[in-house]
Amino acid sequence: MTHRIVVNVETGVVSQVEYTAEEQAVHDAAVAAQQAEAEAEAKALAEAQVAQTPEPADNPPQGETP
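None of the values given here were measured: they were computed from a predicted structure.

Peer 1: Break down the pattern of salt bridges for me, citing the residues and quoting the values.
Peer 2: For the structure on display, the rule yields one salt bridge. Between E23 and R4 there is a salt bridge, with the nearest N and O atoms lying 3.2 Å from each other. A residue pair is termed long-range when its members are at least 10 positions apart, and E23 in helix α1 (residues 21-52) and R4 in strand β1 (residues 3-7) qualify at 19 residues. Relative accessible area serves as the criterion here: at 26%, E23 is assigned to the partly exposed category.

This is how it looks when you write it as structure tokens:
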């Protein structure tokens, strides 16, 4: 489970606290959304690169001119 750091501003005591089930669910949803966005951007970039790649020209048989 994920944790968070809590600092008591009055005493200066720092402690590590486990997320509650609700906090963990929110964290997991945020991480999943970020991952989905990154994957979508990577896919779009790959598709854009493919779209920009020129198709090979038809090569005439040897000895002939186009």
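Peer 1: Summarise the pairing of strand β2 (residues 14-18); cite the residues concerned and give the values.
Peer 2: Summarising the sheet, β1 and β2 pair through five bridges and their orientation is antiparallel. Paired with H3 across the bridge in β2 is E18. Joining the antiparallel neighbours β1 and β2 is a turn of six residues, in which G12 adopts a positive phi near 80°.

Rules of the game
Residues numbered from 1 in each chain as written. Predicted model: local features only at pLDDT ≥ 70, side-chain atom pairs only at ≥ 80, totals over all residues. Heavy atoms only, no water. Salt bridge = Lys/Arg side-chain N within 4 Å of Asp/Glu carboxyl O. Helix = DSSP H or I, 4+ residues; strand = E, 2+ residues; numbered from the N terminus. Buried < 20%, exposed > 50% of the residue type's maximum accessible area, 1.4 Å probe, protein only. Pairing = 2+ DSSP bridges.

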